[in-house]
Amino acid sequence: MWNYPNGYDVIVMGGGHAGCEAALAAARMGAATLLLTMNLDTIAKMSCNPAIGGTAKGQLVREIDALGGEMGKVIDATGIQFRLLNRSKGPAVWSPRAQADKHAYALEMKRRLEATENLDITQGTVEDIEVEGGKIVAVVTKEGIRYVTRSLIISSGTFLRGLLHIGETNFAGGRAGDAPAEGLSGSLAKCDFKLGRLKTGTPPRLHRRSIDFSLTEEQPGEEGVRFSYDDEPIQCTEQVPCHITYTTLETRDIIQANIHRSPMYSGKIQCVGPRYCPSIEDKVVRFADKERHQIFLEPEGLHTDEIYANGISSSLPLEVQYAFLHSIPALRNAQIMRPAYAIEYDYLTSGQIKASLESKAVEGLYFAGQINGTTGYEEAAAQGLMAGINAANKVGGKDPLILGRSEAYIGVMIDDLVTKGLDEPYRMFTSRAEYRLLLRQDNADLRLREHGYNVGLIDQKRYDIFKAKEKLIDEEIKRLSTQFRQEGSRGYSLAQLLCRTESSYAKMLQENVPGFVDHGEETNFQIELNLKYAGYIGRQQNEIRKLEQVERMRIPTDFDFEAIIGLRNEARQKLVEHSPENLGQASRISGVSPADISVLMVALTRRSRAKTP
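Participant: Looking at this structure, I do not really get the overall build of the chain. What am I missing?
Facilitator: Of regular secondary structure, the chain possesses 20 helices and 24 strands. Over its C-alpha atoms the chain spans a radius of gyration of 26 Å, differing by no more than 12% from the 25 Å that the globule rule assigns to 613 residues. Summarising its shape, the C-alpha atoms of the chain cover approximately 80 × 75 × 50 Å along the three principal directions. Each of the 613 residues in the chain was classed as buried or not, and the buried ones make up 57%. For the chain, contacts bridging at least 24 residues in sequence account for 73% of all contacts bridging at least 6. When the accessible surface of the chain is split by element, carbon and sulfur atoms take 49% of a total near 26,100 Å².

Participant: Hey, could you run me through empty space enclosed by the protein in this one?
Facilitator: Empty space left among the atoms is revealed by rolling a probe the size of a water molecule over them. Across all of its chains, the model carries three cavities of 30 Å³ or more by this definition. Quantified by volume, the largest cavity comes out at close to 60 Å³. Forming the boundary of the largest cavity are Leu-348, Thr-349, Ser-350, Gly-351, Gln-352, Ile-353, Asn-372, Leu-417 and Leu-422. What the second largest cavity holds in volume is close to 40 Å³.

Participant: Mind showing me how you'd approach the sheet that holds strand 3 (residues 33-37) here?
Facilitator: Two orientations exist for strands paired in a sheet by backbone hydrogen bonds: parallel and antiparallel. Strands sit in the order 7-3-2-11-22 across an open sheet of five strands; the sheet is parallel. A strand with exactly one partner marks an edge of an open sheet, and here the two such strands are strand 7 (119-123) and strand 22 (365-367). Taking each pair of neighbouring strands and ignoring which way they run, the sheet shows an average axis angle of 20°. Two strands pair when backbone bridges link them, and strand 11 (residues 152-154) and strand 22 are joined in this way by three bridges, in the parallel orientation. What sits directly across from Ile-153, in strand 22, is Tyr-366. Here helix 1 (residues 17-28) sits on the sheet in contact with strand 2 (10-13), strand 3, strand 7 and strand 11, set at roughly 165° to strand 3.

Participant: Any chance you could explain the pattern of salt bridges here in plain terms?
Facilitator: As a working rule, side chains carrying opposite charge can pair if their charged atoms are close by. Under the criterion given, the structure shown has 51 salt bridges. Salt-bridge contacts for Arg-405 lead to Glu-434; the nearest nitrogen and oxygen are separated by 2.9 Å. In this pair, Arg-405 sits in the loop between helix 10 (377-395) and helix 11 (409-419) while Glu-434 sits in the loop between helix 11 and helix 12 (444-455), placing the two residues 29 residues apart along the sequence. Using a relative accessible area of 10% as the deciding quantity, one classes Arg-405 as buried. Taking the relative accessible area as the measure of exposure, Glu-434 reaches 39% and is therefore partly exposed. Among the ionic pairs, Asp-445 bridges to Lys-469, the shortest N-O distance being 2.7 Å.

Participant: Help me out: how do you make sense of the pairing of strand 8 (residues 126-132) in this one?
Facilitator: On any regular strand, side chains alternate: one points to one face of the sheet, the next to the other face. One ladder, built from six bridges, connects strand 8 with strand 9 (residues 135-141); its direction is antiparallel. Across the sheet, the residue bridging to Asp-128 is Val-140, located in strand 9.

Participant: What's the story with the packing of helix 6 (residues 249-257) against helix 9 (residues 318-325) in this structure? I'm lost.
Facilitator: In a pair of packed helices, the angle between the axes and the distance between the axes together describe the arrangement. Running from N to C, helix 6 and helix 9 point in directions that differ by 160°, and their axes come no closer than 8 Å. Considered as vectors, helix 6 and helix 9 are oriented roughly antiparallel to each other. At the point where helix 6 passes helix 9, the crossing takes the right-handed sense. Facing helix 6, whose interface residues are Thr-251, Ile-254 and Ile-255, helix 9 presents Val-320, Ala-323 and Phe-324. The residue makeup of the contact of helix 6 with helix 9, split by class, is five nonpolar, one polar and no charged.

Participant: Would you take a moment to explain the sheet that holds strand 13 (residues 169-172) for this structure?
Facilitator: Here we have four strands laid out as an open sheet, ordered 13-12-21-14, and antiparallel in their pairing. The outermost strands of the open sheet, each flanked by one partner alone, are strand 13 and strand 14 (195-202). Averaged over all adjacent pairs, the angle separating strand axes in this sheet is 25°, with direction ignored. As paired strands, strand 12 (residues 163-166) and strand 21 (residues 341-348) are joined by three bridges and run antiparallel to one another. Within the sheet, the bridge partner assigned to Leu-163 lies in strand 21 and is Glu-344.

Participant: Would you take a moment to explain the packing of aromatic side chains for this structure?
Facilitator: Given two aromatic rings, one states the distance between the centres and the angle between the planes to describe the pair. Tallying each qualifying case throughout the model produces ten aromatic pairs. Between Tyr-453 and Tyr-463, the ring centres sit 3.6 Å apart and the planes meet at 5°, which makes this aromatic pair stacked. Here Tyr-453 is found in helix 12, whereas its partner Tyr-463 is found in helix 13 (residues 460-482), with ten residues between them in sequence. Given a relative accessible area of 26%, Tyr-453 falls into the partly exposed group. Through a chain of ring-to-ring contacts, three or more aromatic side chains come together here, namely Trp-2, Tyr-4, Tyr-8 and Tyr-147. Arg-62 extends its terminal NZ or CZ atom over the ring of Tyr-229, reaching a point 4.0 Å from the ring centre. A cation over a ring is seen here: Arg-432 above Tyr-426, with NZ or CZ 4.1 Å from the ring centre.

Participant: Would you take a moment to explain the packing of helix 12 against helix 13 for this structure?
Facilitator: Contact geometry for helix 12 and helix 13: axes closest at 11 Å, N-to-C directions at 145°. Relative to helix 13, the crossing made by helix 12 is left-handed. When helix 12 is examined against helix 13, the residues Asp-445, Leu-446, Arg-449, Glu-450 and Tyr-453 are found in contact with a partner set consisting of Gln-460, Arg-462, Tyr-463, Phe-466, Lys-467, Lys-469, Glu-470 and Ile-473.

Participant: Help me understand helix 1, please; the structure alone is not making it clear to me.
Facilitator: Because each turn of an α-helix spans 3.6 residues, side chains separated by three or four positions in sequence point in the same direction. For helix 1, which comprises twelve residues, the first-to-last C-alpha distance of 17 Å matches the rise-based estimate of 16 Å (1.5 Å per residue) to within 8%. Most of helix 1 is tucked away, with eleven of its twelve residues classed as buried. Immediately beyond the C-terminal end of helix 1, within one or two residues, lies Gly-30, with a positive phi of roughly 100°.

Participant: Would you explain unusual backbone geometry in this entry?
Facilitator: Glycine aside, residues mostly have negative phi angles, and peptide bonds mostly take the trans form. One non-glycine residue with positive phi stands out, namely Ala-56, at about 70°. Locating Ala-56 in the fold gives a position in the loop between strand 4 (51-53) and helix 2 (57-67). Overall, the relative accessible area of 0% leaves Ala-56 in the buried class. The residue Ser-579 is not glycine, and still its phi comes out positive at about 45°.

Quick notes on the rules
- Residues numbered from 1 in each chain as written.
- Predicted model: local features only at pLDDT ≥ 70, side-chain atom pairs only at ≥ 80, totals over all residues.
- Heavy atoms only, no water.
- Helix = DSSP H or I, 4+ residues; strand = E, 2+ residues; numbered from the N terminus.
- Rg over C-alpha atoms; globule rule 2.2 N^0.38 Å.
- Buried < 20%, exposed > 50% of the residue type's maximum accessible area, 1.4 Å probe, protein only.
- Contact = heavy atoms within 4.5 Å.
- Areas by Shrake-Rupley, 256 points an atom, 1.4 Å probe, with all protein chains shown as cover.
- 1 Å grid on protein atoms, 1.4 Å probe; cavity = no way out; pocket = protein on both sides within 12 Å on 5 of 7 lines; lining within 4 Å.
- Points joined across faces, edges and corners; volume = space filled by probe spheres on them.
- Pairing = 2+ DSSP bridges.
- Axes fitted to C-alpha atoms, helices over the stretch in contact; angles between N-to-C directions.
- Salt bridge = Lys/Arg side-chain N within 4 Å of Asp/Glu carboxyl O.
- Parallel < 35°, antiparallel > 145°, perpendicular 65-115°, else oblique.
- Left-handed = near helix turned anticlockwise from the far one by under 90°.
- Nonpolar A, V, L, I, M, F, W, Y, C, P; charged D, E, K, R; others polar.
- Phe/Tyr/Trp six-rings, centres within 6.5 Å; stacked < 30°, edge-to-face > 60°.
- Lys NZ or Arg CZ within 6 Å of the ring centre and 35° of its normal.
- Expected span 1.5 Å × (residues − 1).

Below is the structure:
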């Protein structure tokens, strides 16, 4: 074994979406950082869907950008179709989504990583971690190199003992075409980490010329949708359409006749896959009466003919995949370029990480991405960003950045991972957020840019632009609320005029209504929304203030749950297992009731008074 001569503040293991954000954040905050990845050619690879964003996921990407992360900028630079989902619903659930040129996306992210100061990028496979005195001190690679570090972020994706399934065939792999990481699971187990198994899957990729697009519905993009708050141009000159088609009754019959050959139903796969992104086998079984299922045919890039068949993830044998595809009129002659498959992998079971994403068992060891039980590029990237920030803060002697559930979807997700047991891969949804009216995709910068500036990821120029926008919005809301106009014997403010059902800021400008000034579409929208939803926003803010005291009541690390009289046995067991950091976390642990929280609050208050001189 060779000891690498340079030591690092932060080592990031894994070059996926979590690893990229973690490495960039730590390095930009001044930490000497090393990104170790198995293959330099697969950095930021889109292993599954060639898209960024979507319902709730789009909010995550905008929050990443508001904090100073990179995903939003890279998709703006390499997207080939942009849309804003859920426009027919309220603005709380509007979500941007972009189809990516997946090869351009990966190359652009790699270019940005390579251009970052304080960041070394090396090809290597971590096989072992070294812990001394309860702290991480080094990693050892399969290539026989030992790297000394003050902190480690593990973002291993689906690579830990990854096992791929196509029908009756299975083989080791981190994803199709890549080797798994075999040794690290054993090293984590030696440190008493508890690992479980999860499953995910991917659909077949089809050749464009083998699809009859005349039998599909075209889905065009929209102008004016973007992810980054910073003034970087979208490089897509002409958006590429996606297409929609549907399975048939014949498709259902073929799958039902071969369901015993799916490893999920033959018993070869015992673990659980994502409920909200089911395989076509799951759809046919769970929704047996449904006559058809939607398929989105999505281009993988401008310079490839591969089409991603979104909606028919499968682990059936290849010959069955061909059979059910050819039962769909638009896909009668479909050629499979890459087969669908399922993959099993190791993950860290719940209750072993803090809200900072640092492990409870080993100081300086952080986990981010699918190893924490999540699924999706956006969830991974958000965790990577927070792990990178907190690892850099730790080596710099600073407190971790913890986002609350009322501040960000990122805060909701991490709190869920810390407090709730997982029995399936975790995906972000707008319904998971209690305060989703406050956590809109359009106001992520107003919620989080201050945090990004404080940790050093937002420079002074961008911060000044943000503060000017924030000030302008506040001033205009006050002005419109106090500037009146007369209509016959009645008077009303411009804010009241704007709040009428038929009114909008754009309409006021179009009709040249005196008193309305064009500040740009994004700022205009913030002014309008804050005035129209003032009552609802105020109520949610009051709810948050009422709960703040309880939410933030700290639970000392040496607190003895076993000694509390009045706690139910299940609650005591769950509290010991999860070791919540505050009363808010404790209240969200499955099996802990409101009565248990009342007992716990009394015990904490007594302890606090007893220690007060």
